[in-house]
Amino acid sequence: MTGNSGNGGNSSGIRVASLDDIPEGEGIAISSKITGTEDDIAILRDDDGTCWALNDTCTHETASLAEGWVEDGDVECPLHSSRFNLKTGKVDGLPATRDTVPHRVEVRDGEIYLFPGERP
Amino acid sequence: MTVSSVVVVGGGIAGVSTVAELRKNGYAGELTLVSVDPFPYDRPPLSKEYLAGGRDLDSIALQAPGWYAEQRISLIGGAVAVDVRADAGEVELADGRVLTADRIVLATGGRAIRPALGSPSHVLRDVADADRLRTQLVPRARLLIVGGGLIGAEVASTARGLGAEVMLVDPLSPPLAAAVGIEVATWLHALHADHGVETLTTTVETLLETPTGVAAQLKGEPDSREFDAVLLAVGLVPETALAEAAGLETSRGILVDAGQVTSHPAVLAVGDCARLRDHHRPEHWEAAQVDGARAAATILGVAPAPDTAPWWWSDRYGLHVEGVGEMRSPDAQHQTVVRGVVGEPPFAVFTLRGERVIGAVAVDDPNAVRAARRMIDRGVDVRASDLADPTQNLRSLLRR
């Protein structure tokens, strides 16, 4: 752990995981106690290995998006299949109607750095 | 002909999906949504969180309040359509207003079946139904639930959570076997007893109002039983009255083609009110949503998204149940594969025909169903031994 940036004041980001910790198409949740954000943050790895970060709680109900299905630029909520765009956080499929919040992530030397509050 | 105005009658998920998909895919014309309720809301919570009092009406809105204006959709809430004049492209509302449109989409849903049993009883279809039922779900209240399908089971779970005493009757033992297979259905049904719900395999012959509640005469029993409230959860009938009066062809639903077009080319039908000719009428949330998307594609003159295997979910006693496709009993052509142990969530059960998955049901393992759905839709060959192996990543099986 390299620190807690709260709303993104840390220019180097928070090291939250190694790339090897997240299989392609899956995700992990980072506690709000670490990110300093209201919600936990889901780090999600797309089919091509790219990492993305969104607020973890589905805006429809309470499921964790980190446990969802990542595919085709979206994450699909494990409860009711609401879909959110990985880059923008916008709803791509009902029943969710409210967008979620995206955060910037960087991968450096196989380590994932999260910038809570910063847009990708 | 370019369509420049559309009126959608019905504010359930099918109607809202229709207008949402029209706008999402570039429809720029006039768009009107007529809703009996002040605003469209989601129905699955009505038997669960909403019924339990954990969510209010605003929180189950299908779209945020400002969404309709943002999307330039005229939402006419609290309105009832009383006449559809297909040739004229007119929808008349109960207050006398007449809406005109190039295309009319009927999303009138269904109404709960009320067998003639002789006494006031509850059904659960809309918010008003849920509000009425909720007033009776107090600690130690005696509730009889008639029907052990998804809604009946969900209400049993919710009512127990509120401290009510629940009896559930269904002529099938166990219910839901056709949807989830006999093994999972048996286990799911047994959960009722584990949570203090008495289940009986029988039917109700009569309900009689008494000074203190309802006396239910169950088939095969010498004496009636006393309850404070009765819920009938025995299915729904499609709401086709408007369509019938408009001269549209109906038969256990408003008959539609693969593009959701009724027997009149300017009128479409979606959701629980509609039935594709020669097909079973699905009554799941997602099926209604897909209908709306398909109707929007038809109106826009574009190809609809490819069909996907039908999918549904349910929740009871804190467990999340999902199913996709078709669950068949093992026979010469089909085999059943269990991933995990039935009764020890998370687990999943798959039905295969040869090396193709045709259905799956899972408890607390939703991504198994998501994987199965893609296997079905993409026609992926899989080995039963791989599906059964919990160490095998199902996603990786899709990539082979």
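Up top is the structure these notes are about.
Residues numbered from 1 in each chain as written. Chains lettered and ligands numbered in written order. Predicted model: local features only at pLDDT ≥ 70, side-chain atom pairs only at ≥ 80, totals over all residues. Heavy atoms only, no water.

A. View of the overall build of chain A. In terms of helices and strands, chain A carries 1 helix and 10 strands. Shown N-terminal to C-terminal, the secondary structure of chain A runs as helices and strands in the order β-β-α-β-β-β-β-β-β-β-β. Computed over C-alpha atoms, the radius of gyration of chain A comes to 13 Å, within 12% of the 14 Å expected from 2.2 N^0.38 for 120 residues, which places it in the range of a compact globule. Within chain A, the fraction of its 120 residues that count as buried is 54%. Looking at chain A alone, contacts between residues at least 24 apart form 40% of all its contacts between residues at least 6 apart. Taken as a whole, chain A presents about 5000 Å² of accessible surface, with 43% of it coming from carbon and sulfur. Between the averaged position of the 10 positive side-chain charges in chain A and that of its 23 negative side-chain charges there is a distance of 7 Å. (Helix = DSSP H or I, 4+ residues; strand = E, 2+ residues; numbered from the N terminus. Rg over C-alpha atoms; globule rule 2.2 N^0.38 Å. Buried < 20%, exposed > 50% of the residue type's maximum accessible area, 1.4 Å probe, protein only. Contact = heavy atoms within 4.5 Å. Areas by Shrake-Rupley, 256 points an atom, 1.4 Å probe, with all protein chains shown as cover. Lys, Arg positive; Asp, Glu negative; His and termini not counted. Charge placed at Lys NZ, Arg CZ, Asp CG, Glu CD.)

B. Inspection of the nonpolar core at higher detail. All names here are of chain B. Membership of the largest hydrophobic core comes to 50 residues, with the highest contact counts inside it found for V6, F350, V357, M375, V382, L387 and L394. No other element matches the 6 residues that helix α1 (residues 13–24) contributes to this core. Filtering out sequence-adjacent residues up to four positions away, L387 remains in contact with V337, R339, F350, L352, V357, M375, V382, L394 and L397. Among the nonpolar cores identified, the runner-up in size contains 40 residues, and I145, L191, A233 and V361 belong to it. (Core = buried A, V, L, I, M, F, W, Y, C linked by side-chain atoms within 4.5 Å.)

C. Seen up close, the interface of chain B and chain A. Every contact between the two is made by 26 residues of chain B and, on the other side, 22 residues of chain A. Carbon and sulfur atoms make up 43% of the area that chain B and chain A hide from each other, which totals about 1900 Å². Among the residues of chain B in contact with chain A, R370(B), R374(B) and R395(B) are the three that bury the most area, contributing 31% of the side total. Linking chain B with chain A are 14 residue pairs in polar contact (both at pLDDT 80 or more). Of all the elements in the fold, those that place two or more residues in the side of chain B that touches chain A are α1, α9 (285–300), β20 (311–316), β21 (319–325), α10 (366–378) and α12 (394–398) of chain B. (Buried area = accessible area lost by both parts, 1.4 Å probe. Polar contact = N/O pair within 3.5 Å; in protein donor to acceptor, adjacent residues only side chain to side chain.)

D. Seen up close, helix α7 (residues 182–194) of chain B. Spanning 13 residues, α7(B) covers 18 Å between terminal C-alpha atoms, matching the ideal 18 Å at 1.5 Å per step. Residues of α7(B) that are buried: V184(B), A185(B), W187(B), L188(B), H189(B), L191(B) and H192(B). (Expected span 1.5 Å × (residues − 1).)

E. Representation of the pairing of strand β7 (residues 103–106) of chain B within the structure. All names here are of chain B. Residues R103 and V105 point to one face of β7 and I104 and L106 to the other, with burial holding for every one of them. As paired elements, strand β1 (residues 5–9) and β7 share 4 bridges and run parallel to each other. Counted as the bridge partner of V6 is R103 from β7. Note that β7 and strand β18 (residues 267–269) share 3 bridges and pair parallel. Of the residues in β18, the one forming a bridge with L106 is A269. (Pairing = 2+ DSSP bridges.)

F. Region of interest: the sheet that holds strand β9 (residues 142–146) of chain B. All names here are of chain B. The 4 strands are arranged β11-β10-β9-β15 in an open sheet whose pairing can be described as parallel. Each edge of the open sheet is held by one strand with a lone partner, namely β11 (198–200) and β15 (229–232). Recorded for the sheet is a direction-independent mean angle of 20 degrees between the axes of neighbouring strands. Here strand β10 (residues 165–169) pairs with β11 via 3 bridges, running parallel. Directly across from M167, in β11, lies its bridge partner E198. (Axes fitted to C-alpha atoms, helices over the stretch in contact; angles between N-to-C directions.)

G. Here's a closer look at the side chain of R55(B). Here R55(B) is to be found in the loop between α2 (49–52) and α3 (67–70). In terms of polar contacts, R55(B) uses its side chain to reach the side chain of E61(A), at 2.9 Å. Engagement of the side chain of R55(B) in a polar contact is seen with the backbone oxygen of S59(B), the distance being 2.7 Å. When neighbours within four sequence positions are excluded, R55(B) is seen to be in contact with H60(A), E61(A), P45(B), E49(B), Y50(B), I60(B) and R134(B).

H. Representation of the environment of T298(B) in the model. All names here are of chain B. Looking at the element boundaries, T298 is found in helix α9. Looking at T298, the relative accessible area reads 32%, which means it is partly exposed. For the pair T298 and H192, spaced 106 residues apart in sequence, the C-alpha to C-alpha distance is 44 Å.

I. Seen up close, unusual backbone geometry. A cis amide bond links L94(A) with the next residue in sequence, P95(A), at an omega value of 15 degrees. Residue placement: P95(A) occurs in the loop between β8 (91–93) and β9 (102–108). With omega at 0 degrees, the peptide bond leading from P345(B) into P346(B) counts as cis. For P346(B), the position within the fold is in strand β23 (residues 344–353). Unlike most non-glycine residues, R140(B) shows phi in positive territory, near 70 degrees. With respect to the helices and strands, the residue R140(B) is situated in the loop between α4 (127–134) and β9. Judged by relative accessible area, R140(B) falls into the exposed class, the value being 63%.

J. Representation of the pairing of β23(B). Residues and elements named next belong to chain B. As paired elements, strand β22 (residues 334–341) and β23 share 7 bridges and run antiparallel to each other. Among the inter-strand pairings, H334 is bridged to a residue of β23, identified as R353. As paired elements, β23 and strand β24 (residues 356–363) share 7 bridges and run antiparallel to each other. For F350, the partnering residue across the bridge sits in β24 and is A360. Taken together, β23 and the strand that follows it, β24, pair antiparallel across an intervening segment of 2 residues, in which G354 is found at a positive phi of about 65 degrees.

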